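Listed below, chain by chain, are the residues.
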Amino acid sequence: MELRQLQYFVAVAEEGSFTRAAARLHLAQPGVSAQIRRLERELGQPLLDRSGREVVLTQVGEAVLPYARAALGAVDGVRQTVDELTGLLRGHIAIGLVSGAATRAFEVPTLLADFHDAHPQVEITLAEDTSERMLDALRRGELDIAVVGVADEEHPPGLSFEIVLDEPLVAAVALDDPLLGRARRTSVPLASLRDRALISLPRGTGIRGALDRACADAGFRPRIAFEAAAPYVLAELAARGLGVAVIPELPADDAASFGLRTLRITHPQARARIALAWQTGGPGSPAARVFLENLRAALADGPTARPKR
């Protein structure tokens with residue numbers, strides 16, 4: 001019995017197809033079929049039922065599958081242990097990033113490039129999504145690390161969080177917006193936005209969750225006229241007079257560069273929080289654990305607040 005035979009068997013069982021399994025393994029289908037038949041002959045029992053449109057496990061195959069996965073997992077564990085002892089990192093890291101976070105929290109391309117230069121045998125994938133979907137992916141083990149927006153102090157069980165950005169939300173308006181008033185106020189009660197068209201990040205993001213929760217506390221539902229995933233798009237829409245953008249606080253010079261003034265939202269105050277998230281106990285692979293430590297070190301000096309065009 002060979003490990004590759006177990007690997008091919010697991011791939012076909014999970015894909016339900018020799019064709020898809022071969023594509024996943026980057027192999028020719030006849031070779032995959034031949035190796036699994038050799039495994040079945042050695043065991044003396046068919047593991048797969050090939051009679052239908054989909055390949056399904058036989059009763060024996062269902063019993064064997066957990067042991068095949070365990071054997072492959074043990075081999076991966078041996079490799080990881082050796083890699084840890086020798087200082088060599090390899091494998092795969094899956095990272096999730098909430099929309100807009102790359103322009104606010106840290107320079108993601110630079111961090112990824114530096115890590116790749118130091119550990120060229122590690123494959124990295126990066127995807128943008130909403131915080132809600134990424135937290136689900138973390139729990140399922142589909143992501144190793146995620147940068148998410150958080151609206152609540154309480155976090156889902158099984159996940160660890162580290163806040164890397166905590167700023168008040170502001171109302172960003174065009175320079176001639178009546179919300180500014182003659183006295184050029186610097187803050188505005190949230191209730192003043194009750195009847196205004198608002199410009200916000202999409203549902204599922206931490207900032208949108210913070211806005212929705214604050215409005216609920218104030219007794220109304222926000223009237224969202226425009227949604228965009230990138231903070232600078234929100235700012236530009238507001239500068240065109242299309243509504244009030246609810247965004248994390250900006251330095252005055254940055255707001256002026258967009259043609260905006262910002263008012264801190266009060267009564268109640270809403271805050272934008274971005275956090276690193278991972279499964280409690282740490283990411284499973286050595287590479288992901290090292291990358292997480294790199295992220296935490298890079299954020300130790302604080303994030304950059306300037307939204308980039």
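Calculation notes
- Residues numbered from 1 in each chain as written.
- Predicted model: local features only at pLDDT ≥ 70, side-chain atom pairs only at ≥ 80, totals over all residues.
- Heavy atoms only, no water.
- Helix = DSSP H or I, 4+ residues; strand = E, 2+ residues; numbered from the N terminus.
- Rg over C-alpha atoms; globule rule 2.2 N^0.38 Å.
- Buried < 20%, exposed > 50% of the residue type's maximum accessible area, 1.4 Å probe, protein only.
- Contact = heavy atoms within 4.5 Å.
- Areas by Shrake-Rupley, 256 points an atom, 1.4 Å probe, with all protein chains shown as cover.
- Lys, Arg positive; Asp, Glu negative; His and termini not counted.
- Charge placed at Lys NZ, Arg CZ, Asp CG, Glu CD.
- Phe/Tyr/Trp six-rings, centres within 6.5 Å; stacked < 30°, edge-to-face > 60°.
- Pairing = 2+ DSSP bridges.
- Axes fitted to C-alpha atoms, helices over the stretch in contact; angles between N-to-C directions.
- Parallel < 35°, antiparallel > 145°, perpendicular 65-115°, else oblique.
- Left-handed = near helix turned anticlockwise from the far one by under 90°.
- Nonpolar A, V, L, I, M, F, W, Y, C, P; charged D, E, K, R; others polar.

**Re the overall build of the protein chain**
Phase 1 of the analysis: When helices and strands are tallied, the protein chain shows ten helices and twelve strands.
Phase 2 of the analysis: Whereas a compact globule of 309 residues would reach a radius of gyration of roughly 19 Å, the protein chain reaches 25 Å, over 25% beyond that.
Phase 3 of the analysis: Counting only C-alpha atoms and orienting by the principal axes, one finds that the protein chain spans roughly 85 × 45 × 30 Å.
Phase 4 of the analysis: When the 309 residues of the protein chain are sorted by exposure, 43% land in the buried category.
Phase 5 of the analysis: Sequence-distant contacts, at least 24 apart, represent 75% of the contacts inside the protein chain between residues at least 6 apart.
Phase 6 of the analysis: Accessible surface, the protein chain as shown: approximately 15900 Å² in total, 51% of it carbon and sulfur.
Phase 7 of the analysis: Averaging the positions of the 35 positive and the 39 negative side-chain charges in the protein chain gives two centres separated by 5 Å.

**Thoughts on the packing of aromatic side chains**
Phase 1 of the analysis: Considering all chains together, one arrives at one aromatic pair under this definition.
Phase 2 of the analysis: Ring plane angle 85° and centroid distance 5.0 Å describe the contact between Phe 115 and Phe 291, whose orientation is recorded as edge-to-face. Here Phe 115, found in helix H5 (residues 108-118), pairs with Phe 291, found in helix H10 (residues 286-298); they are 176 residues apart in sequence, far enough to count as distant. Here the two residues Phe 115 and Phe 291 agree in accessibility, since each one is buried.

**Remarks on the environment of Leu 250**
Phase 1 of the analysis: On the secondary structure map, Leu 250 appears in the loop between strand S10 (244-248) and helix H9 (252-257).
Phase 2 of the analysis: On a C-alpha basis, the gap between Leu 250 and Ala 239 in space is 14 Å, while along the polypeptide they are eleven residues apart.

**Description of the pairing of S10**
Each regular strand shows side chains that alternate between the opposite faces of the sheet.
Phase 1 of the analysis: For S10, a buried count of five out of five residues is recorded, marking the element as mostly surrounded by other parts of the structure.
Phase 2 of the analysis: In this sheet, S10 lies alongside strand S6 (residues 159-174) in antiparallel orientation, the contact comprising four bridges. Of the residues in S10, the one forming a bridge with Val 170 is Ile 247.
Phase 3 of the analysis: Sheet topology note: the strand S8 (residues 198-200)/S10 ladder contains two bridges and is parallel. For Ile 199, the partnering residue across the bridge sits in S10 and is Ala 245.

**Let's talk about the packing of helix H1 (residues 3-15) against helix H2 (residues 18-25)**
Phase 1 of the analysis: Two numbers describe how H1 lies on H2: the axes approach to 8 Å, and their chain directions differ by 125°. Between H1 and H2, the crossing angle belongs to the class labelled oblique. Judged by the sense of rotation from one axis to the other, the crossing of H1 with H2 is right-handed. Contacts from Gln 7, Tyr 8, Ala 11, Val 12, Glu 14 and Glu 15 of H1 reach H2 at Phe 18, Arg 20, Ala 21, Arg 24 and Leu 25.
Phase 2 of the analysis: Here the contact of H1 with H2 is built from residues that sort into six nonpolar, one polar and four charged.

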